[in-house]
Each structure stands twice: as structure tokens, then as C-alpha cells.
Amino acid sequence: MRTVLVTGPGGGGRTTAAAAAALAAARQGRRVLLLSCDRGPGPDAVLGRTLPADGGAGGPWTPPVEAAPGMWAARVATDGHFRAVARDLQDRGASLFDLLGAAPLDADELTEVPGAEPLAVLAALRAAHADGRWDLVVADMPPVHETVRLLALPEQLRRYLRRLLPPERQAARALRPMLAQLAGVPMPAARLYETAERWQRELAAVQAVFESAATTVRLVAEPLPAAVETLRAARAGLALQGCRVDALILNRLLPDDSADPWLAGLAAEQRLAGKALREDVTADAVPVCELPHLGRSPRGTEDLTELALRAAARGGADEYGAGAAAAVRGTAPLGAGETPAGAAPDAAAGCGDGPADAARTPDGAGVPDAGTGGGGGAAAPVGGRGAGGAATQGTCDDAAAPVGGRSVPGTGASGGAGWGTGADGSTDAGAPAGVGLDAGTGASSGAAPGSGRSAPAGYDPRSGAGHGAPAGRTGSSGAGLLLGLGAAGPAGERRPDPWCVEDRLKDDGMLVWRLPLPGAERDALGLVRRGDELVVAVGSFRRVLPLPSALRRCSVAGAGLQDGALCVRFIPDPDLWPRTS
């Protein structure tokens, strides 16, 4: 099943873009579910249909309503999901409530609490995939910063459950009857432990959805100055969580030739912001689509159709234009590899772009993957400062510099900024807890033409393809990017991990772990090593990454941001590294 998570800055038109993409895919013969996280009247207005406000039977979503032939729409039912979960917890913890002398809450007393919505969204996405009726799920997600944290939630909660209820502790279940007799009070029922195990399974299932090669993120924004900084930080956060961005949609674009000075000024501001957004994403080969302003708020499928047709006209006669216009009118024929409604979808095919031939299908490779999640522990700021706070400059090819009390050729680490761990997991003597980030480190692995940056994962220097861009194009504009949901990997497969380890032992005596973080700023990065894990912070986003096996036997020598990737340098620990005879 193909999944597209549509998000962006608040008020940027996420619901409209998601509905237009879902409608176009439905008119190409797909069975599409538009799942909205918006609890207000916005989805009703855009679709021209009233969606139920409650899940009824306590499910995580409302009953799907057919908004157009082949397209159903549903809303995340946060309140119903919270009530169902709360009742289940009370039933499973009845013996514990009796032990504490607490009276359980009646069903009428259960009221949704803050923080319930992210869990309901996760449950709804999992339920949509388990339902099996859909070829495509288009999720109208919350604003982008909330979405990044939501995508991190499954891995984060699973980590907490493993720490609080480790698997080895489950062996104590057999001892509970004896302990209850010795203590003279009933011990918590087995159902509580079973609940934790069930949560682990459910969180693992939704994490697998986010990590699937068939899941991508689509950014929607009105090009304004505030959106530039918001999306720059959000793209780094999405990359940290391993999410793949398949396109950027610039929404509500005003005409450039208005005689009204007031409108002309707003259009000029949009052009400047749009240029900055394009420069940010085209370096990573993320396609760009332009949606014009209709002069009114879109309402109903007719307005969604007109919006997509204007986008096709604005895009010009590119490789998407004719097929996109035919698709939104509902007249595009199914091409090779396309799947009619009711048939099993081709897992490798994207949804849209008119006839699905090789020349018109976006490549869809993307921003990095490694799962989702975040973790605990504070990360020290690493804005290019060593232990003493002085700014440092250097690359991996610099002369030898002290690293955690040792001198290692070619590390480029600043004195005191580097640090390492010994065999017992403790830091070197005198080394700070955080990693110093210098001005440049690591090596580029091939640059995209004209970008001045190293190529992202999946980039083909011969064709210019990769990261959702069609062959020979980067950052193209056209309705196909809105209507066609881009090619994706096989459903059910985990995306390949682009966070590669570069072997420089022979030349520089080190290993370099390269973590692509497009949009990241050096002063907003933080690194902390804890045992066999590396805590990486990008602004307000954080993730705990398990180290590859080879790097667990190394000490961290420093780190640097270069070409949109964080390069962390490791040197072998003599006490742990295998010795050759």
C-alpha cells in the first residue's frame, strides 16, 4: 500500500493539497482513503461533504464517507479512541485499582486529555493499513513540527517500554502467586504485562508503516518568509527521523502581472520566498509543484479539479502536463504497470502521472531513512565550539589534532572538542560530554550538477535522477507532482539505510559515519555518545541512534557538517579493535 503524509506550516493549505492528490489518484482507478487529522470544518468545506465527528464504535477513525468515485474520506476520532483505550486500561488494571482502593471512572466521566491526539493518529494509520481496502492512503497530517514529533513517537515509546519493562523481567510472572502470598496483597494481574506487550506490537506495526519504502512525506506551504525557516528546520527533523520527502508544493501563488500595487507587493514577497524554498530543496533533487490561488477557498471536487487543471497549465508543456490534465479530468487511460480499481496494486508503481511509462514516472528515491523515533538525554550544543568555547575550523584532511587525549592524524578535531569512550563505556579523561562540531568534515560522494553539494542517496550523476525527481530534472514544476504521487519502493519493504560508514582506515586511520541532514544548521546540532548509542539533536528534534557494530569498538574523534550531511569521525579503540596477526 502506498502512503503519502501531507504536512507543512500551519495554514499552508495541507488539506486542499491532500484532497486534490487523493481525487486525482482515484480518477486514475485507485481505491484511495483521505485520512484527515483536522478536527475542524476544513475537510468538510474542501470536500463538500460532511465527515462524521466521532468514530462511533470507539475506533481510531470515523466511518469512511465516499467523497468521489473511488475516493473515501475519514477523520481521526481522537475522543473515541481515548475512551476505548481508557476503558481497556481500567479493565486490565482492575486488581491494581482494588489494591490501591481506587474506584474506576465511569464511561461518562472519561474526557479526552491533552496529548491523546498523536496516539489516535498512529492508531488510525495502522488501522488504515490493516483494513486492506485501499491502494493508497493520503494522510492530512498536523503542522510539520508536530508531524515530526509524531513520526518519532513509535520508536520513542518502544524504547521507553523496553527500559521500564525489559523482556527479561517478564520471567517474574511465574513468581507472582508466591509473592502475593508472602506480601499478603494481590500482585498486578498478568493482563497489565500483556497490555505492554500488545503496545509493543502495535507500535512496531505503525513504525513499520513509517519505515516502509512505500511511505513518503509531502510538504505544502504558502511561500512566505516564515515558511522558509520553518521548512528548513522541519526538513532536517524529517531527515533525522528517516522520512523521505517526495515533493514540495508551493500553494496559493498570486499572479505575477497584477496591476494592483497591493497584490503586486504580496506576489513579489511570494516570489522571493519561493526562490529560497526552491534553492533549499532542489539541491537535494526534491521536485517542486506550484498551485495557483483560485481567488477563493476551494470547496468541493469541482474546485479541486480546477485547481489541478490550473496547476497543469502553470507547469507548461513538461513531461507531466498532458497526462496530468487528462488525469484530473478522469480521462487518462491506464498505462503499463497501472492497476485498475479492485485489482492488487503494483507495489513498485507510483500513483498518478497519467500513463505510467518509464519516462514519466518520478524516481522517488528520497531523503534518508533509518526509522523513526527520539530518545532521552540532553544533547550539548555543538555549534563549532570546542570545550573551551572557541570556534574551530578544519576538515578530515587537516593535520593531526588531539582527540580525547590522543593524537590521531587526519581527524581535524579541535583540542578538547573530540572525545571518546573506553572499554567500559566511560568517556576519556578530561573529555566533555558533547562532541565538538567543526566547520567542515567528511568527504563528498559525488555532487549533483550545479548544486555545490554532495549527491543525496539515490542520486544518479549520469541522469540527474533521484529523490523523487524525474530523470534529467531537479525541482520541476507541474501538476504531475501534485496528481502523481511519485514512485515508491515495494510496499512492506524497509527503505535502504543511506547512513553509510566510510572506511578511511588505510588513508586517515578513521571511520566516518555520514548522516544526511538537509537543511540543518551547524549551530543547531548536538551530539552525545552513550554506550553503544549516539544521541543526535537537530534544533528541537532529537533521536537516539544505535551505532553500527564496527563503530561500537571506536572512540568519537569529532564531527562536522558538510554538504548537508553530518559526518561523525571515529577512530578504533586499541583495547577493543581486533588485532591482525
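Here the structure is shown first, and the text comes after it.
So, here's what we can say about the structure. (Residues numbered from 1 in each chain as written. Predicted model: local features only at pLDDT ≥ 70, side-chain atom pairs only at ≥ 80, totals over all residues. Heavy atoms only, no water.)

**So, the side chain of Q207**
- The topology assignment puts Q207 in helix 8 (residues 190-211).
- A distance of 2.8 Å separates polar atoms of two side chains, one belonging to Q207 and the other to E211. (Helix = DSSP H or I, 4+ residues; strand = E, 2+ residues; numbered from the N terminus. Polar contact = N/O pair within 3.5 Å; in protein donor to acceptor, adjacent residues only side chain to side chain.)

**Side note on the sheet that holds strand 1 (residues 2-7)**
- Overall, mixed pairing links the 8 strands, which are arranged 3-4-2-5-1-6-7-8 in an open sheet. Two strands in the sheet have a free side with no partner beyond their single neighbour: strand 3 (65-68) and strand 8 (288-292). Across the sheet, the mean angle separating the axes of adjacent strands is 25° when strand polarity is ignored.
- Sheet topology places strand 7 (residues 245-253) next to strand 8; 4 bridges connect them, and they run parallel. Bridged to L248 within strand 8 is V288.
- Packing against the sheet, helix 5 (residues 116-131) makes contact with strand 1, strand 2 (32-36) and strand 5 (136-140), and its axis sits at approximately 170° to strand 2.
- Running over the sheet, helix 10 (residues 261-282) touches strand 7 and strand 8 and is turned about 175° from strand 7. (Pairing = 2+ DSSP bridges. Axes fitted to C-alpha atoms, helices over the stretch in contact; angles between N-to-C directions. Contact = heavy atoms within 4.5 Å.)

**Some thoughts on unusual backbone geometry**
- Its identity as a non-glycine residue notwithstanding, R252 has a phi of 55°, on the positive side.
- Residue classification places R252 among the partly exposed positions, given a relative accessible area of 27%. (Buried < 20%, exposed > 50% of the residue type's maximum accessible area, 1.4 Å probe, protein only.)

**A short note on the pattern of salt bridges**
- Taken as a whole, this structure holds 19 salt bridges when the rule is applied.
- Here D246 makes a salt bridge to R2, at a shortest N to O gap of 3.6 Å. With D246 in strand 7 and R2 in strand 1, the pair connects residues that are 244 residues apart, well separated along the chain. Comparing D246 with R2, the two get one shared label, buried.
- Put simply, D280 and R232 hold a salt bridge, and the shortest N to O gap is 2.8 Å. One end of the pair, D280, is in helix 10; the other, R232, is in helix 9 (residues 225-240), and 48 residues separate them in sequence.
- Beyond isolated ion pairs, a larger network of salt bridges with shared partners links R2, R218 and D246. (Salt bridge = Lys/Arg side-chain N within 4 Å of Asp/Glu carboxyl O.)

**Structural notes on helix 10**
- Over its 22 residues, helix 10 runs 31 Å from end to end, which matches the ideal 32 Å to within 8%, given 1.5 Å per residue.
- Looking at helix 10, one finds that the buried residues are A267, Q270, A273, G274, L277, D280 and V281. Looking straight down helix 10, one finds that the buried residues subtend no more than 135° of arc, so they occupy a single side. Those residues of helix 10 that are exposed and angled more than 90 degrees off the buried face are P261, L272 and K275.
- The inward-facing, buried residues of helix 10 abut helix 9, strand 7 and strand 8.
- Near the N-terminus of helix 10, the side chain that reaches the backbone nitrogen of W262, with its oxygen 2.8 Å away, is that of D260. (Expected span 1.5 Å × (residues − 1). Arc of directions from axis to C-beta.)

**Examining the sheet that holds strand 15 (residues 533-538)**
- Ordered in space as 14-15-16, the 3 strands form an open sheet in which the pairing is antiparallel. Both edges of this open sheet fall to strand 14 (525-530) and strand 16 (541-546), since each of them pairs with a single strand only. On average, each strand axis in the sheet is inclined to that of its neighbour by 15°, with strand direction left out of account.
- With 6 bridges connecting them, strand 15 and strand 16 associate as antiparallel partners. For V538, the partnering residue across the bridge sits in strand 16 and is F541.
- In the packing of helix 6 (residues 144-164) onto the sheet, the strands contacted are strand 15 and strand 16, and the crossing angle to strand 16 comes to about 35°.
- Helix 9 rests against strand 15 and strand 16 of the sheet, and its axis sits at about 20° to strand 16.

**A word on the layout of surface pockets**
- The computed volume of the largest pocket comes to approximately 700 Å³.
- Forming the boundary of the largest pocket are 27 residues, of which H81, V85, L119, W199 and E202 lie nearest the centre.
- Those elements that place two or more of their residues in the lining of the largest pocket are helix 3 (78-92), helix 5, helix 6 and helix 8.
- By volume, the second largest pocket is sized at about 320 Å³.
- If you list the elements that add at least two residues to the lining of the second largest pocket, you get helix 1 (14-27), helix 2 (42-47) and strand 7.
- Residues of the lining of the second largest pocket, tallied by class, amount to 6 nonpolar, 9 polar and 5 charged. (1 Å grid on protein atoms, 1.4 Å probe; cavity = no way out; pocket = protein on both sides within 12 Å on 5 of 7 lines; lining within 4 Å. Points joined across faces, edges and corners; volume = space filled by probe spheres on them. Nonpolar A, V, L, I, M, F, W, Y, C, P; charged D, E, K, R; others polar.)

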